[in-house]
Each structure stands twice: as C-alpha cells, then as structure tokens.
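Coordinate inspection notes
Listed below are the residues making up each chain.
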Amino acid sequence: MKKISAALTFSIATLAIGFLVGACGHTNTPNGTANNGSTATPAANSTTTSSAKGLKIGSLLPTTGDLASIGQQMIGSVPLLVDTVNACGGVNGEPVTLVQVDDQTDPRAGAAGMTKLATLDKVAGVVGSFASSVSSAAVSIATPNKVMLVSPGSTSPVFTEKAQKGDFKGFWARTAPPDTYQALALAQLANQKGFKRISTVVINNDYGVGFEKAFVQTFEKLGGTIVNKDKPVRYDPKAQTFDTEAAAAFAGKPDAVLAVLYAETGSLFLKAAYQQGLAKGVQILLTDGVKSPTFPEQVGKGSDGKYILTGAIGTVPGSDGKALEAFNKLWKDKKGSAPGEYAPQTWDATALLTLAAQAAKENTGVGIASKIREVADGPGTEVTDVCEGLKLLKDGKKINYQGASGNVDVDANGDVVGVYDVWTVGDDGKIKVIGKVTPK
C-alpha cells in the first residue's frame, strides 16, 4: 500500500486525539494487575506507570475492528511484561511507562495512533501492529521519528523487501516470521495431503496479497496447479457481502481453497460460500488471520446443526521458545487462563524493547535500534528471564535473549524464523492443534 506521510497523519492524529482522550481518558495499572486483554476499550490509551525520565513505550494493537478477536488475546502481554520489568527495578534505573492505543485494524487509525505516540507521547519504541497494512502505515511514521517499531504479528513479505532496500533505517523488527515461511509450510502441508488443484481467495492488503504470492510460487514448484492464478480473488477489507467472491473462488472444481482472511470479513465470506452450496466436498485451508476460539462460532452452523468450518485446516506461527513454559505459568497465575494466539510473540516484542534500551544505556529509539539485534542474537549469555537479562546488562555483560515464541534471532531485515502449528476445527466447533510443520 502507499505510504502515508508523517505530516498528513499528524493532521489526522490532531483531529482524532481529542476523541481518543475524551472518550477513554488515561487509566493507571498498578504492578501485578495488568489488563488481561479479554475486554477492550476502543482507541484506549492507558499508562501503567508514569516516569518523566524513564523508558516510554507504546503499543499499537487491534482491540476493535476486523482482527479484534486475536488482538484482544495479544494485548495483555505488553502490560504484563512492563509490570514484570518494573517490579525488578525497571530500565536504566527508572520505571517503564506504557501508552496503549487501539489501531482499530485500520491503517488510517493506526497512522493517527502512531503519530500520537511518536510526536505527542514521545515514546522510544512501539509494540505493533498486528495487521500488516497497519504496520505499513505506522512504520512510515516511526522511521523518520526514530521510534523503534517491533511487530508481534505483521507477517507480510513486503517488510523484508523494504528492509533490504534500507527503507526502515533499522527502526523495524518483528517477532513473528514472514509469510514466505508460513506460505511455504502450508503449501508443503497441502502437497502432503494430496491436493493437486487449489484456488485462492485473499483479503486485498499487504498480508493477503503477500501470502498469496508466496503460496502460489511454492505450490507450483511442488507440482500443484493454482486454478484461478490468472484471475485471483482479492476482496475489499471494507466489503460486507461476498457472494461474487465466493462463486469465483470455488469455480473450476478445486480440491481445496486457500482462504487468507481476517476474522470479521472472513466469517461473512465463508458463510456466503456455504449458503451457495459451493464448499461441499472442497477442503478449506486457513491461516493465522482467523485462528481464534470464536471464529468457528462467527462462521456459524449449517442447516444440519454442524459447524460450517468442521474439518477446515490451517497454520499459525507457533511458539516453542525456551521461555514459553515460564510465560504460560506467569500468564495463568496473573490471569487465570492460558494465553491466546500471538501472546508469546507480543511478550517477546516488548521484552526486546526493554532489553535493547538497557543495553544501549539510553531510553531512545536510536539506542534501542542500535542494540536490538545484539540482545536478540548476540554472543552473550543465554537468558530466558527478562529480569535476569536486565541485571546482566546493567553489569555491562552481553546477553542472548531466548523468548517465549522462539529464539527471536532477529536478522538484518528485522526477521525471525519460526515453527508453525497445524490446526483444525472439530465437530464441537473447537480449534485443536494437531501437529507442527517447519518450512524447508
């Protein structure tokens, strides 16, 4: 998508900020009582701690909009990490301040939110966003303002391409692997299951189109056929009806349909396909954009009382890091439940911001950008505990952070490599992880 200039988005933000603050205000979250992310306030701005001299970071994640069902599972990780860090002394001798903004799964709202965080709140780093289209808008503002942006879920290959060109000047990284890897893993899975002819339908944004491109290339190399390659189906993220797109995606008698969707619009697309009788006998392949416990219910049940999505299979970036067990335990102790999708990646993104600032011994975006790869993939002592890592860094020692999502070895393009969970929808409408796949 086209970049949105900082000047333009500042104007948008100026108009929006009155609404954001007036509607939601600021709330203080004491240590140990971080919001668990199960509920969300539109365009919320909340501060965990206030310190004039300390590190200030922001979060730019979707608690409303098309990706709200997943965003609400992610957002609790950020205050949980900040509270943990503040309980063990903070960063550079001061508490960390957190400002949270809802990007509404909308590039315009995300641009306005990023502008506010960079120019008014003057944060050094931001955890976000989830939607690749929102991160595209946000990073074009973060870079000139020298704010380090670390996404826990924007997986479009476009970011790798732009990083290679030097567009981000080091102010971009992510803790979820790019879709070049997930598309490869899903294409291999489809091939293993014997699918020869596949059609694609994707949301028309950086995430959907980037995934489609990578999947088509890989699946064809494996000997498969993309039925609608010459007429790809890409739907408008703002669309509300999908009869035409569904008919086009299922035309040509494919063995399976790869559907790269977001939850809200994706549920409408899959309902339309079912109501037209198109999905019968066709395997549905899904991705991370819809893997939330509520998605099968969103799509609904058929006339026979069975869930429409029963038997669908998909992939999602998994978590297999050395810190995962401790993270899961902390989450359960604080929130009484298991963490949701992308919560480990969000924890790791926040951890990298704090560790890099401590390594740089300065609370600036420039400092964080200069040290983030060093703490993520350096030659130092391996640490899984953030507080242990901060202590070593304060003592002038080097660390190699091992995260909850994985080893988070951030490369020169800001990318990491990960493992993928394979999931399916059971007869009871519940999502179950049935295996793992590593792209080769």
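Residues numbered from 1 in each chain as written. Predicted model: local features only at pLDDT ≥ 70, side-chain atom pairs only at ≥ 80, totals over all residues. Heavy atoms only, no water.

1. A closer look at the packing of helix 3 (residues 77–87) against helix 13 (residues 343–360)
Helix packing for two helices is described by the angle between their axes and how far apart those axes are. Filter applied, for reference: In this analysis, axes come from line fits to C-alpha atoms, helices being fitted only over the stretch in contact, and the angle between any two N-to-C directions falls in the range 0 to 180 degrees. Helix numbers and strand numbers start at the N terminus; a helix is a DSSP run of H or I with at least 4 residues, a strand a run of E with at least 2. Note on terminology: angles under 35 degrees are roughly parallel, angles over 145 are roughly antiparallel, angles of 65 to 115 are roughly perpendicular, and the others are oblique. A clockwise turn of the near helix away from the far one marks a right-handed crossing, whereas an anticlockwise turn of less than a right angle marks a left-handed crossing. Contact definition: two residues touch when any of their heavy atoms are within 4.5 Å. Residues are grouped as follows: Ala, Val, Leu, Ile, Met, Phe, Trp, Tyr, Cys and Pro are nonpolar; Asp, Glu, Lys and Arg are charged; all remaining types, including Gly, are polar.
Between helix 3 and helix 13, the least distance of the axes is 8 Å, while the angle of their chain directions is 40°. The orientation of helix 3 relative to helix 13 falls into the category oblique. The hand of the helix 3/helix 13 crossing is right-handed. Where helix 3 abuts helix 13, its residues Ser77, Val78, Leu80, Leu81, Val82, Thr84 and Val85 lie against Ala343, Thr346, Trp347, Thr350, Ala351 and Thr354. Residues belonging to the contact of helix 3 with helix 13 are distributed by class as follows: 8 nonpolar, 5 polar and no charged.

2. Here we look at the pattern of salt bridges
To keep things clear, this is the line we draw: What counts as a salt bridge is simple: a side-chain nitrogen of Lys or Arg found within 4 Å of a carboxyl oxygen of Asp or Glu.
Counted according to the given criterion, the structure contains 14 salt bridges. In this structure, Glu382 engages Lys322 in a salt bridge whose closest nitrogen and oxygen atoms are separated by 2.9 Å. Taken as a pair, Glu382 in strand 12 (residues 381–383) and Lys322 in the loop between strand 11 (313–317) and helix 12 (324–335) lie far apart in primary sequence, 60 residues in all. With its nearest N and O atoms 3.4 Å apart, the salt bridge here joins Asp395 to Lys391.

3. Quick look at the sheet that holds strand 3 (residues 125–128)
Just so we agree on the cut-off: When DSSP finds at least two bridges between two strands, those strands are taken to pair.
Taking strand neighbours across the sheet as the criterion, the 5 strands line up as 2-1-3-4-5 in an open arrangement whose pairing is parallel. The sheet is open, and its two borders are formed by strand 2 (97–102) and strand 5 (172–174), each paired with just one other strand. Averaged over all adjacent pairs, the angle separating strand axes in this sheet is 20°, with direction ignored. Contacts between helix 4 (residues 107–120) and the sheet are confined to strand 1 (56–61), strand 2, strand 3 and strand 4 (148–151), with strand 1 contributing the most and set at about 175° to the helix.

4. Comments concerning the confidence of the model for the protein
Note the cut-off: Known as pLDDT, the predictor's confidence for each residue is given on a scale from 0 to 100.
Overall, the predicted model of the protein reaches an average pLDDT of 89, with 88% of residues at or above 70. Throughout residues 1–49 the model reports pLDDT below 50, and contacts reaching past four residues in sequence, or to other chains, amount to 105 contacts.

5. Let's talk about the packing of aromatic side chains
Each aromatic ring pair is characterised by the separation of its centres together with the angle its planes make. Note the threshold: Classification of ring pairs uses Phe, Tyr and Trp, with its six-membered ring standing for Trp, and accepts pairs whose centres are within 6.5 Å; under 30 degrees between planes counts as stacked, over 60 as edge-to-face, and the remaining range as tilted. Lysine NZ or arginine CZ positioned within 6 Å of the ring centre and within 35 degrees of the ring normal marks a charge as sitting over the ring.
Applying the stated criterion to the full structure yields 12 aromatic pairs. Plain terms: the ring middles of Tyr207 and Tyr262 are 5.6 Å apart, the flat faces sit at 20° to each other, and that makes the pair stacked. Separated by 55 residues along the polypeptide, Tyr207 in helix 8 (residues 206–221) and Tyr262 in the loop between strand 9 (256–260) and helix 10 (263–275) bring together distant segments of the chain. Members of the aromatic cluster, joined through ring pairs, are Tyr235, Phe242, Phe250 and Phe269. Here the guanidinium or amino end of Lys335 rests over the ring plane of Trp331, the centre of that ring lying 4.8 Å away.

6. Structural notes on helix 3
Going by this rule: Residue exposure (1.4 Å probe, protein chains only): buried if accessible area is under 20% of the type maximum, exposed if over 50%, otherwise partly exposed.
Buried residues dominate helix 3, accounting for 9 of its 11 residues. Every buried residue of helix 3 is listed here: Ser77, Val78, Pro79, Leu80, Leu81, Val82, Asp83, Val85 and Asn86.

7. Side note on the nonpolar core
Condition: To define a nonpolar core, start from buried Ala, Val, Leu, Ile, Met, Phe, Trp, Tyr and Cys residues and group those joined through side-chain atoms within 4.5 Å.
Core analysis: the largest hydrophobic core is formed by 107 residues, its most contacted members being Ile198, Phe215, Phe269, Leu270, Leu286, Val386 and Tyr401. In terms of residue count, the dominant contributor to this core is helix 13 (10 residues). Not counting residues up to four positions away in its chain, the partners in contact with Leu286 are Leu186, Ala259, Leu261, Leu270, Phe295, Leu309, Ala312, Ile313, Gly314, Thr315 and Trp423. Judged by nonpolar contacts, the second largest core, of 20 residues, contains Leu60, Met114, Ala137 and Ala163.

8. Examining the packing of helix 4 against helix 5 (residues 132–142)
Remark: helix 4 packs on helix 5, axes separated minimally by 8 Å, with the N-to-C direction vectors making an angle of 30°. Here helix 5 runs roughly parallel to helix 4, going by the angle between their axes. Remark: the crossing between helix 4 and helix 5 carries right-handed chirality. Between helix 4 and helix 5, the contacting residues are Pro107, Gly110, Ala111, Met114 and Thr115 on the first element and Ser133, Val134, Ala137, Ala138, Ile141 and Ala142 on the second. The residue inventory of the contact of helix 4 with helix 5, partitioned by class, reads 8 nonpolar, 3 polar and no charged.

9. Let's talk about the environment of Gly90
Topologically, Gly90 is positioned in the loop between helix 3 and strand 2. Residues Gly90 and Gln358 lie 268 residues apart in sequence; the distance between their C-alpha atoms is 9.3 Å. When near neighbours in sequence (up to four residues on either side) are disregarded, Gly90 contacts Val85, Pro95, Leu390 and Lys394.

10. Focus on unusual backbone geometry
In this structure, Ser129 follows Gly128 across a cis peptide bond, with omega equal to -10°. Topologically, Ser129 is positioned in the loop between strand 3 and helix 5. With phi around 40°, Val408 is a residue other than glycine that occupies positive phi space. Along the chain, Val408 turns up in the loop between strand 13 (399–401) and strand 14 (420–425). Residue class for Val408 comes out buried when judged on its relative accessible area of 2%.

11. Remarks on the state of the cysteines
Rules: Cysteine sulfur atoms are paired as a disulfide whenever they fall within 2.5 Å.
For the structure shown, the criterion picks out 1 disulfide. With a sulfur-sulfur separation of 2.1 Å, Cys88 is cross-linked through a disulfide to Cys387. Taking the torsion about the S-S bond as the criterion, the Cys88 to Cys387 disulfide, at about -90°, is left-handed. Residue Cys88 is located in the loop between helix 3 and strand 2, and its partner Cys387 is located in helix 15 (residues 386–394); the two are separated by 299 residues in the primary sequence. A relative accessible area of 30% means that Cys88 is categorised as partly exposed.

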